[in-house]
Amino acid sequence: MKIQMIVHIKNEDGTLGADSTAIEVDVPNYEAFTGPENFGEVFDQYERKVLEARNEVVEVASEKYLGGMVKKNTVRSRETKWKNN
């Protein structure tokens with residue numbers, strides 16, 4: 001079984017502010033949750049994978065977003081410099 005997470009960073013008008021980012025990871029399937037003696041261990045495995053995936057996908061999405069901001073600000077800075085010269 002897999003879990004897929006997709007992060008969209010959107011502008012206030014609903015347009016994408018950065019490229020979408022996705023991650024897909026394997027997680028224990030339903031059959032792994034057999035009986036109360038296994039539940040805690042299997043759930044721990046599931047939770048760890050999901051939290052690690054969440055952290056990774058948000059980190060990559062943030063890097064894309066911030067990278068885009070740096071590019072835009074660099075262009076704006078150059079345009080302002082050219083206008084003032």
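### Focus: the packing of aromatic side chains
1) Next: Counted according to the given criterion, the structure contains three aromatic pairs.
2) Next: Ring centres of Phe-33 and Phe-39 lie 5.4 Å apart, and the angle between their planes is 50°; on these two criteria the pair is classed as tilted.
3) Next: Taking relative accessible area as the criterion, Phe-39 reaches 44% and is therefore assigned partly exposed.
4) Next: Both rings, one in Phe-39 and one in Phe-43, keep their centres 5.9 Å apart while their planes meet at 10°; by these two values the pair is stacked. Within this pair, Phe-39 and its partner Phe-43 are both found in helix α1 (residues 36-84), separated by four residues, close to a single helical turn.
5) Next: For Phe-43, a relative accessible area of 35% gives the class partly exposed.
6) Next: Among the aromatic residues, those joined into a ring-pair cluster are Phe-33, Phe-39, Phe-43 and Tyr-46.

### What about the pattern of salt bridges?
1) Next: In this structure the tally under the stated criterion is two salt bridges.
2) Next: Note that Asp-44 is salt-bridged to Arg-48, the shortest N-O span being 2.8 Å. Of the two residues, Asp-44 and Arg-48 both sit in helix α1, four residues apart, roughly one turn of that helix.

### A look at the environment of Tyr-65
1) Next: Here Tyr-65 lies in helix α1.
2) Next: Excluding residues that lie within four positions of it along the chain, Tyr-65 makes contacts with Ile-9, Gly-17 and Ala-18.

### Some details on the nonpolar core
1) Next: Counting seven residues, the largest nonpolar core is built from Met-5, Ile-23, Val-25, Val-27, Val-50, Ala-53 and Val-57.
2) Next: Where this core is concerned, the elements lending two or more residues are β2 (21-26) and α1.
3) Next: The element contributing the most residues to this core is α1, with three residues.
4) Next: Setting aside residues no more than four positions away along its own chain, Ile-23 makes contact with Ile-3, Gln-4, Met-5, Ala-53, Glu-56 and Val-57.

Rules and cut-offs
- Residues take numbers from 1 onward in each chain, read along the sequence in its written order.
- This being a predicted model, a pLDDT of at least 70 is required before a residue's local features are given, and a value of 80 or more before pairs of side-chain atoms are given or counted; all residues contribute to the totals for chains, interfaces and linings.
- As a rule here, side-chain values come from all non-hydrogen atoms in the structure, and water together with hydrogens is ignored.
- Centre distance within 6.5 Å is the pairing criterion for rings of Phe, Tyr and Trp, where only the six-membered ring of Trp is used; planes under 30 degrees apart are then read as stacked, over 60 as edge-to-face, and the remainder as tilted.
- Whether a residue is buried, partly exposed or exposed follows from its accessible area with a 1.4 Å probe, protein chains only, as a fraction of its type maximum: under 20%, in between, or over 50%, in that order.
- What counts as a helix is a DSSP run of H or I of at least four residues, what counts as a strand is a run of E of at least two, and both are numbered from the N terminus.
- A pair is scored as a salt bridge if a Lys or Arg side-chain nitrogen falls within 4 Å of a carboxyl oxygen belonging to Asp or Glu.
- When checking whether two residues touch, look at their non-hydrogen atoms; a contact exists if any pair is within 4.5 Å.
- Put simply, buried Ala, Val, Leu, Ile, Met, Phe, Trp, Tyr and Cys residues joined by side-chain atoms within 4.5 Å make one nonpolar core.

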